[in-house]
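# Summary of the model geometry
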Amino acid sequence: MELSGSEIIIQFLKDEGVEFLFGYPGGAVLHIYDALQQQEGLKHILVRHEQGATHAADGYARATGRPGVCLVTSGPGATNAVTGIATAFLDSVPLVVITGQVPSHAIGSDAFQEVDAVGITRACSKHNFLVKDLNQLAETLKKAFYVATTGRPGPVVVDIPKDITAPHIKIPYEYPKTVEMRSYNPNVKGHPRQIKRAVELLLNAKRPMIYTGGGIIMAEAAEELRQFVRKLGFPITQTLMGLGAFPGTDPLFIGMLGMHGTYEANLAMHECDVLLCIGARFDDRITGVTGTFSPYSQKIHVDIDPASISKTINADIPIVGSAKQVLIEMMKQVERSDVQVDQPAVDDWWKRIKSWQSQDSFAYAKTKDVIQPQAAVEELYRVTKGDAYVTSDVGQHQMFAAQFYPFDEPRRWINSGGLGTMGFGLPAAMGVKLAFPDKDVACITGEGSIQMCIQELSTCLQYNIPVKIINLNNRYLGMVRQWQEFFYDKRYSHVYMDSLPDFVKLAEAYGHVGIQVTHPDDLHDAMEEAFKLKDRTVFLDIITDQEANVFPMISSGKAHNEMDISPLQRDKQALLKASGELV
Ligand SMILES: Cc1ncc(C[n+]2csc(CCOP(=O)(O)OP(=O)(O)O)c2C)c(N)n1
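Residues numbered from 1 in each chain as written. Predicted model: local features only at pLDDT ≥ 70, side-chain atom pairs only at ≥ 80, totals over all residues. Heavy atoms only, no water.

To continue, consider the side chain of Asp 58. Within the secondary structure layout, Asp 58 lies in helix α3 (residues 50-64). For Asp 58, the side chain forms a polar contact with the side chain of Arg 62, separated by 2.4 Å. With near-sequence residues (within four places) excluded, Asp 58 lies in contact with Thr 87, Ala 88, Val 93, Leu 95 and Phe 424. (Helix = DSSP H or I, 4+ residues; strand = E, 2+ residues; numbered from the N terminus. Polar contact = N/O pair within 3.5 Å; in protein donor to acceptor, adjacent residues only side chain to side chain. Contact = heavy atoms within 4.5 Å.)

Right under this line is the structure:
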């Protein structure tokens, strides 16, 4: 088969099994768009901003486990995509981003719409390529998909000069089924001796703790994790990125940990004597100050990326390997080991955890005349029966979503944890809904974040992507306001959002349904109506308590046992102490 560079790109993507291409045209990719127009099978989604393309591809990838693919033009097309590439990079999401480039002979001449896409994305992609020879195009694309999806996944950029895609130059094409890269061979099998040592340490633990992250989801290891944790009966906590890998409603799950995690998860991290970490990276939102992090524990760290191990917290037993493979091997070890779990010690440990749990660290004041943001998320959970795909933006609403919508399945909770990118939620929801058209997809957002990629409402209409937008509207850049309240004596500096658009009219202007809710009594009906309108994108503008705060909170520089707790928890703690019920 003789094909041009543009035709090779299209044919390769089809051969690779790509369903959707999220993109935006321009001069450097005109040949590719012409080839796209003359084919069937590969569905192109014309977004309204290249950032939207990368987030939509990212949402698709997180929800399906398959790589997301984007096509953007050179110069501003590439720079607009950078935020989405960095977002995927920090959360280890497999993306392949094809950027057009000026013709090879013009590279370096400050040509129209020329930027050094490879240079710009070097620090925020897993890898990148500049294609210099048409004969290398198919193989380079194959390498890009291979690198993006193996080892610790991540975004890969393929920069393709316009002359490489010229329609009149054709070469033989054959789909490269395999690829060899001498310098890239991710290790998936953990070291057997280390695994044996780790299991012995765990079985001898008096106060064991399991802490897992997004790596479990990426490695498709949720089932293995569930079996392993249930076999041992140990408490488990998950990071913001890991939610859903272990069911959020299972009694062994003691809540998310970290800056806005539960009181019990953070105290258990602090007090445990053996800590098993799988597919998480001890980032600063988890550890707080590293010097006082989990001071009494011996630590086992399982990660596919050797560079993540002992990067911030020293691992006593490092295990490099895929979470799935290592969990399978650990389970075999547990089954063949002579050592039994120290049940009396673990029972005592659970007693302490339960007494922390009884303080109810997510408790919030239920109000009659103003909607609390937590109540809105709880209502969403009820109406969707806990079965929706939920994306979010970044801020207080993101934390309320993570705290009040327990996820029982992996890949249901989709948010920008690492980069914390406002603007992520709506386009990510589009990618998810395209992948799962029969499922409910909700984007929990704030009036600040939603305005960062609001233009994608137009894409939702063009391709009939009916997502539900749950806008927790506090008229503030709430998370920043919270920090200014706590740490800057309430000097609110440029966080009040004056002159907001009428979101109902705005949704209608984009061809969708807009509903505003201001009173707690109307919340349920509005939410039900939104989800009954199966084929419509609905924008629910929920006016919430302006100064609601996210609790608990571990402030910068504080240890896990120095959390700020909510006023309600403080009251409950005092009561329990007085009655002698606190262990
Ligand atoms: C692109 C970007 N710019 C700035 C920030 C810093 N930031 C983090 S949370 C936040 C406030 C978000 O406000 P809103 O979307 O209204 O959500 P809320 O916190 O009120 O729920 C800001 C500005 C960010 N995370 N991303």
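On to the pairing of strand β15 (residues 389-392). The alternating pattern of β15 places Tyr 389 and Thr 391 on one face and Val 390 and Ser 392 on the opposite face, and all of these are buried. Across four bridges, β15 lies against strand β17 (residues 441-446) in parallel orientation. By the bridge assignment for β17, Thr 391 is matched with Cys 443. The sheet contact formed by β15 and strand β16 (residues 413-414) spans two bridges and is parallel. Each residue of the ladder has a partner; that of Thr 391, found in β16, is Ile 414. (Buried < 20%, exposed > 50% of the residue type's maximum accessible area, 1.4 Å probe, protein only. Pairing = 2+ DSSP bridges.)

Close approach of charged atoms lets side chains of opposite charge pair. A full pass over the atoms with the stated rule returns 25 salt bridges. Between Asp 250 and Arg 230 there is a salt bridge whose closest N-O contact spans 2.8 Å. Of this pair, Asp 250 sits in the loop between β10 (236-238) and β11 (253-256) while Arg 230 sits in helix α9 (residues 222-232), placing them 20 residues apart in sequence. Classification of Asp 250 by relative accessible area gives buried; the value is 12%. A relative accessible area of 44% places Arg 230 in the partly exposed class. Across the pair Glu 329 and Lys 332 runs a salt bridge, and its minimum N-O distance is 3.2 Å. Placement of both Glu 329 and Lys 332 in helix α12 (residues 323-336) is noted, with a separation of three residues, approximately one turn of the helix. Judged by its relative accessible area of 36%, Lys 332 is partly exposed. Ionic contacts of the salt-bridge type, sharing partners, join the residues Arg 481, Glu 485, Lys 490 and Glu 547 into one network. (Salt bridge = Lys/Arg side-chain N within 4 Å of Asp/Glu carboxyl O.)

On to the packing of aromatic side chains. Any aromatic ring pair is given by two values, namely how distant the centres are and how the planes are angled relative to each other. Taken as a whole and judged by the stated rule, the model has 20 aromatic pairs. Through a chain of ring-to-ring contacts, three or more aromatic side chains come together here, namely Tyr 381, Tyr 405, Phe 407 and Trp 413. The ring of Tyr 389 carries Arg 412 above its face, with NZ or CZ at 4.5 Å from the centroid. (Phe/Tyr/Trp six-rings, centres within 6.5 Å; stacked < 30°, edge-to-face > 60°. Lys NZ or Arg CZ within 6 Å of the ring centre and 35° of its normal.)

The terminal C-alpha atoms of helix α21 (residues 567-578) lie 17 Å apart, and with 12 residues this matches the ideal 16 Å at 1.5 Å per residue to within 8%. Among all positions in α21, only Gln 569, Gln 573 and Leu 576 are buried. What you see down the axis of α21 is that its buried residues fit within an arc of 70 degrees, all on one side. Exposed residues lying more than 90 degrees from the buried face of α21 are Leu 575 and Ala 578. Tucked into the core, α21 has its buried residues touching α10 (263-271). Positioned one or two residues after α21, Gly 580 has a phi angle of 75 degrees, which is positive. (Expected span 1.5 Å × (residues − 1). Arc of directions from axis to C-beta.)

What follows is about helix α15 (residues 396-404). Burial within α15 is extensive, with nine of its nine residues counted as buried. For α15, every residue scored as buried is listed here: Gln 396, His 397, Gln 398, Met 399, Phe 400, Ala 401, Ala 402, Gln 403 and Phe 404.

Near the ligand you find 17 residues, and of these Gln 396, His 397, Gly 420, Ser 449 and Gly 478 are the closest. The separation between an oxygen atom of the ligand and a polar side-chain atom of Glu 447 is 3.2 Å. Take Asn 474: an N or O atom from its side chain is 3.0 Å from an oxygen atom of the ligand. When contributions to the shell around the ligand are tallied by element, the ones reaching two or more residues are α15 and α18 (478-487). Here the element with the most residues in the shell around the ligand is α18; it accounts for three residues. When its residues are assigned to classes, the shell around the ligand shows seven nonpolar, nine polar and one charged. (Near = heavy atom within 4 Å. Nonpolar A, V, L, I, M, F, W, Y, C, P; charged D, E, K, R; others polar.)

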